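These are the residues of each chain, in order.
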Amino acid sequence: MGSGAGEGAVREGAVREGGIEVLRVFCGGDGRHGNALGVVREVRDYPDEASRQALAAQLGFSETVFVDDPERGFVDIYTPGLRLPFAGHPLVGAAWLLDLEMVNPPVGEVWVRQDGEFTWITARPEWAPPRTLRRYGTAAEVDALPAPPPGDGWLYAWAWQDESAGRVRARAFPRRDDGIVEDEATGAAALLLTAELGRALNITQGRGSQILTAPGPDGSIEIGGRVRLTR
């Protein structure tokens, strides 16, 4: 693996805040932005869904991941308000932190590869929860949207920045009353958009996060991004 840390090893220098490693996933090319992720490795104090949900709500990250088996990559993912069978940025972040070739969320085995500064997971569109993917005419229209836009349900607003190059501008709005007004970088929504468009994408989301995607011949899609430690 790229880091040389070995299976199940925590990256040297990982930040702990009250026993929580805090990462930023899908950072931009300058290392900034990315979606904050809480990773809980000491899970003995959080043995069940209720205690994990309470901690995720307390932390307030868009997702928090609990590592039940760091060697085999069994993980459990929560937003502040619900448990998720699959989510992109928690799996990219956990795979990078634990330096594994496979992670195991509730949906099943998710393969991982490292490619330079990018960590990639392989996922399937049917694993992602439904989202409304709404295309706008220009990137400026996406930038101008209020947070959140009027309406109900999870909205992924996007527009082409450069269609020939597969460059997309996007913003994501959960609109689910759990304190997350806008999601900075959303792997599951990028997965669905890639499946809909049928091509590789280079997505700039939120304030400046970057998500890369690449469809596979079997209907699977790779999702890649940079991960950084919170300092």
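Remember, predicted model here, so these are calculated numbers, not experimental data.

Peer 1: What am I meant to see in the confidence of the model for the chain here?
Peer 2: Low pLDDT marks stretches whose predicted atomic positions should not be read closely. Residues of the chain with pLDDT of at least 70 account for 92%, and the chain-wide mean is 92. Counting interchain partners and residues more than four positions distant, the pLDDT-below-50 stretch residues 1-15 has 40 contacts.

Peer 1: Mind showing me how you'd approach the environment of Asp76 here?
Peer 2: Along the chain, Asp76 turns up in strand 5 (residues 74-78). Counting along the chain gives 10 residues from Asp76 to Phe66, while the straight-line C-alpha distance between them is 5.0 Å. Once residues within four sequence positions are removed from consideration, Asp76 is found in contact with Arg52, Thr64, Val65, Phe66, Asp68, Arg83 and Pro106. Within the structure, Asp76 has its side chain in polar contact with the side chain of Arg83 (distance 2.7 Å).

Peer 1: How do you make sense of helix 4 (residues 187-197) when you look at a structure like this?
Peer 2: Because an α-helix completes one turn every 3.6 residues, residues spaced three or four positions apart along the sequence face the same direction. When you tally the buried positions in helix 4, you get eight out of 11 residues, the bulk of the element. Here helix 4 has its buried residues at Gly187, Ala188, Ala189, Ala190, Leu191, Leu192, Leu193 and Thr194. Downstream of helix 4 by one or two residues, Gly198 has phi in the positive range, about 70 degrees.

Peer 1: Explain the pairing of strand 15 (residues 221-229) here, please?
Peer 2: Side chains on a regular strand alternate between the two faces of the sheet. Within strand 15, eight of the nine residues are buried, which leaves it mostly tucked inside the rest of the structure. Of the strand pairs in this sheet, strand 2 (residues 20-27) and strand 15 are connected by four bridges, and their pairing is antiparallel. The partner of Cys27 across the bridge, within strand 15, is Arg226. Judged from the five bridges that link them, strand 9 (residues 118-123) and strand 15 form a sheet pairing that is antiparallel. Within strand 15, the position partnered with Ile121 by the bridge is Ile223. Pairing analysis gives four bridges linking strand 14 (residues 209-215) to strand 15, with the strands arranged antiparallel. The partner of Thr213 across the bridge, within strand 15, is Ile223.

Peer 1: Which parts of the structure should I look at to understand helix 1 (residues 49-59)?
Peer 2: What helix 1 keeps buried is the set Ser51, Arg52, Gln53, Leu55 and Ala56. Next to the buried residues of helix 1 lie strand 2, strand 3 (35-40), strand 4 (63-69), strand 5 and strand 6 (83-84). Looking one or two places after helix 1, you find Gly60, whose phi comes out positive at around 80 degrees.

Peer 1: Sorry if this is basic, but what is going on with the packing of aromatic side chains here?
Peer 2: To describe a pair of aromatic rings, one takes the distance between the centres and the angle between the planes. On inspection of all chains with the given rule, the structure shows four aromatic pairs. Seen in terms of ring centroids, Phe66 and Tyr78 are 5.6 Å apart; in terms of plane orientation they differ by 85 degrees. Their pairing is edge-to-face. Here the residue Phe66 occupies a position in strand 4, and Tyr78 occupies one in strand 5, the gap between them amounting to 12 residues. Through successive ring pairs, a cluster of aromatic residues spans Tyr46, Phe66 and Tyr78.

Peer 1: Can you help me understand the nonpolar core in this one?
Peer 2: A general tendency of soluble globular proteins is for nonpolar side chains to be buried together. Core analysis: the biggest nonpolar cluster contains 49 residues, and Leu23, Phe86, Leu91, Ile121, Tyr156, Val168 and Ile203 have the highest contact counts within it. Take this core: its biggest share by element is seven residues, from helix 2 (residues 88-98). The residues contacting Tyr156, other than those within four sequence positions of it, are Thr132, Leu133, Arg134, Ala170, Arg171, Ala172, Thr186, Ala189, Ala190, Leu193, Ile203 and Gln205. Counting nine residues, the second largest nonpolar core, distinct from the first, contains Ile20, Val43, Leu55 and Ala56.

Peer 1: Is there a simple way to explain unusual backbone geometry in this structure?
Peer 2: Leaving glycine aside, a negative phi is the common case for residues, and trans is the common case for peptide bonds. That bond from Ala147 to Pro148 is cis: its omega, -5 degrees, falls within 30 degrees of zero. The phi dihedral of Asp99 falls on the positive side, at around 55 degrees, and the residue is not glycine. Looking at the secondary structure, you find Asp99 in the loop between helix 2 and strand 7 (102-103). Phi is positive for Asp177, which is not a glycine, with a value near 60 degrees. Here Asp177 lies in the loop between strand 12 (167-173) and helix 4.

Peer 1: I'm lost on the pairing of strand 13 (residues 201-205) in this one. Help?
Peer 2: With burial as the criterion, only one face of strand 13 is covered, namely that bearing Leu201, Ile203 and Gln205; the residues Asn202 and Thr204 on the opposite face remain uncovered. Across four bridges, the pairing between strand 12 and strand 13 is parallel. The residue bridging Ala170 from the neighbouring strand is Gln205, located in strand 13. Taken together, strand 12, helix 4 and strand 13 form a β-α-β motif whose crossover is right-handed. Of the strand pairs in this sheet, strand 13 and strand 14 are connected by five bridges, and their pairing is antiparallel. For Gln205, the partnering residue across the bridge sits in strand 14 and is Ser209. In sequence, strand 13 turns back onto strand 14 through a hairpin of three residues, with Gly206 there showing a positive phi of about 65 degrees.

What counts and what doesn't
Residues numbered from 1 in each chain as written. Predicted model: local features only at pLDDT ≥ 70, side-chain atom pairs only at ≥ 80, totals over all residues. Heavy atoms only, no water. pLDDT = per-residue confidence, 0-100. Contact = heavy atoms within 4.5 Å. Helix = DSSP H or I, 4+ residues; strand = E, 2+ residues; numbered from the N terminus. Polar contact = N/O pair within 3.5 Å; in protein donor to acceptor, adjacent residues only side chain to side chain. Buried < 20%, exposed > 50% of the residue type's maximum accessible area, 1.4 Å probe, protein only. Pairing = 2+ DSSP bridges. Phe/Tyr/Trp six-rings, centres within 6.5 Å; stacked < 30°, edge-to-face > 60°. Core = buried A, V, L, I, M, F, W, Y, C linked by side-chain atoms within 4.5 Å. Right-handed = clockwise from strand over helix to strand, strands pointing away.

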